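Survey of secondary and tertiary structure
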Amino acid sequence: MNNIFEAPFVKEMCDTTANMYRLGWDERNGGNISYLLDPAMAEAYLDPKTVLRTLPLDFDASPLAGRYLIVTATGKYFKNVAGCPQNNMGVIRIRPDGKAYDILWGFADGSRPTSELPTHLMNHIARLKADPEHRVVMHCHPLNILAMTYVHDLDEKAFTKTLWRMSTECIVVFPEGVGVLPWMVCGNDAIGEATAKKIKDHRVVLWAAHGIFGTGETMDEAFGLIETVEKAAQVFMTIGQMPIRQSITDPQLADLCHAFKIQPRAGYLNV
Ligand SMILES: [Zn+2]
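A brief report on the enclosed structure follows. (Residues numbered from 1 in each chain as written. Predicted model: local features only at pLDDT ≥ 70, side-chain atom pairs only at ≥ 80, totals over all residues. Heavy atoms only, no water.)

Before going further, it helps to spend a moment on the packing of helix 5 (residues 143-151) against helix 9 (residues 219-239). At a closest axis distance of 8 Å, the pairing of helix 5 and helix 9 adopts a crossing angle of 55°. The orientation of helix 5 relative to helix 9 falls into the category oblique. Note that helix 5 runs across helix 9; the crossing there is left-handed. The residues of helix 9 that touch helix 5, namely those facing Leu143, Asn144, Ile145, Ala147, Met148 and Val151, are Val229, Glu230, Ala233, Gln234, Phe236 and Met237. Classifying every residue of the contact of helix 5 with helix 9 by side-chain character gives nine nonpolar, two polar and one charged. (Axes fitted to C-alpha atoms, helices over the stretch in contact; angles between N-to-C directions. Helix = DSSP H or I, 4+ residues; strand = E, 2+ residues; numbered from the N terminus. Parallel < 35°, antiparallel > 145°, perpendicular 65-115°, else oblique. Left-handed = near helix turned anticlockwise from the far one by under 90°. Contact = heavy atoms within 4.5 Å. Nonpolar A, V, L, I, M, F, W, Y, C, P; charged D, E, K, R; others polar.)

Okay, here's the thing in structure tokens:
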């Protein structure tokens, strides 16, 4: 058995949480990440027969039965993950009936996975239907995107088009646009279901007055998506009070899509 502290997925979680904390995206215990692991990779670092604890789920996670995920812990601070991975995250495996999960490593001080686990698992189920290579769900509270949800219309098309116009790379990075949810109580199945409904055809969903969910096939892709949306929101919050003299027009956005051979969300560009 290899040393799990040297597992690439543990290192990736340590590096990513530290990076997100430094960027100010995850104050206090804000933010959470879950990462679907390749079974052979997981079993190279832990014994699949040694179950530390089993905890219930109150929705049907059976589409993920048998899958391993590394998940950050509830109530823990991203700034502390790298220094003590075993207390601040852990590896879980969804039980065959999808109604509970086993903890196989981590959560060593008696902690448990993020309170947003239902949303994470529902998002994984929704994204895997759209993209079998999907692996990562990431949630955090970046300053500018959070601020923007107070001052911008929450209509998805309007929000997406503003973001697309704030930086040339945006439509290339998220041509499907962003999903937007109005303010809701977090940490329960209702917000999980609402997010999963949006995330099946958007890789990014915003929670008004709260934060952002980003997904991807890799940690870099999920992180890069959030980074790009946050940069666009930063431009918007920087120039919002100034008279706009020029911007990126819809025909120019269409030219970008043509040049990069991507399909923007249908009906969003007036060309
Ligand atoms: Zn949050």
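Still more ground to cover, so stick around.
Right, let's talk about helix 8 (residues 189-199) for a bit. Among the residues making up helix 8, those that are buried are Asp189, Ile191, Gly192, Ala194, Thr195, Ala196 and Ile199. Packed against the buried residues of helix 8 are helix 4 (117-130), strand 7 (179-181), strand 8 (204-207) and strand 9 (211-216). (Buried < 20%, exposed > 50% of the residue type's maximum accessible area, 1.4 Å probe, protein only.)

The next subject is the pattern of salt bridges. A side chain with one charge can pair with a side chain of the opposite charge if their charged atoms come near. Applying the stated criterion to the full structure yields eight salt bridges. For the salt bridge of lysine 76 with aspartate 109, the shortest nitrogen-to-oxygen distance reads 2.4 Å. Residue lysine 76 is found in the loop between strand 3 (68-72) and helix 3 (85-88), and its partner aspartate 109 is found in the loop between strand 5 (100-106) and helix 4; the two are separated by 33 residues along the sequence. Linked by salt bridges that have partners in common, Arg93, Arg95 and Asp102 make up one network. (Salt bridge = Lys/Arg side-chain N within 4 Å of Asp/Glu carboxyl O.)

With that out of the way, let us pick up the coordination of the zinc ion. The zinc ion binds to the protein through His139 (NE2), His141 (NE2) and His210 (NE2), with metal-donor distances spanning 2.1 Å. The class for histidine 141 is buried, based on a relative accessible area of 13%. (Donors = N, O, S within 2.8 Å, 3.2 Å for Na, K, Ca; no water.)

Among the 11 residues of helix 6 (residues 156-166), eight are classified as buried, and the element is accordingly described as predominantly covered. Every buried residue belonging to helix 6 is among Glu156, Phe159, Thr160, Lys161, Thr162, Leu163, Trp164 and Met166, and all of these are buried. Capping the start of helix 6 is the job of one residue whose side-chain oxygen sits 3.3 Å from the backbone nitrogen of lysine 157: aspartate 155. (Polar contact = N/O pair within 3.5 Å; in protein donor to acceptor, adjacent residues only side chain to side chain.)

This part takes up the nonpolar core. The biggest cluster of nonpolar side chains holds 54 residues, and the ones touching the most others in it are Phe9, Val10, Ile70, Met138, Leu163 and Val178. The element best represented in this core is helix 9, accounting for nine residues. A domain split of this core shows at least three residues from each of domain 1 (1-114) and domain 2 (116-271). Excluding anything up to four places from it in sequence, valine 178 contacts Glu156, Phe159, Thr160, Leu163, His202, Val204, Leu206 and Val229. (Core = buried A, V, L, I, M, F, W, Y, C linked by side-chain atoms within 4.5 Å. Domains from an automatic or database assignment.)

A separate point is the side chain of arginine 203. With respect to the helices and strands, the residue arginine 203 is situated in the loop between helix 8 and strand 8. In this structure arginine 203 comes out as buried when scored by relative accessible area, which is 16%. A polar contact is formed between the side chain of arginine 203 and the backbone oxygen of valine 173, at a distance of 2.8 Å. Within the structure, the side chain of arginine 203 is placed 2.6 Å from the side chain of glutamate 176, a separation counted as a polar contact.

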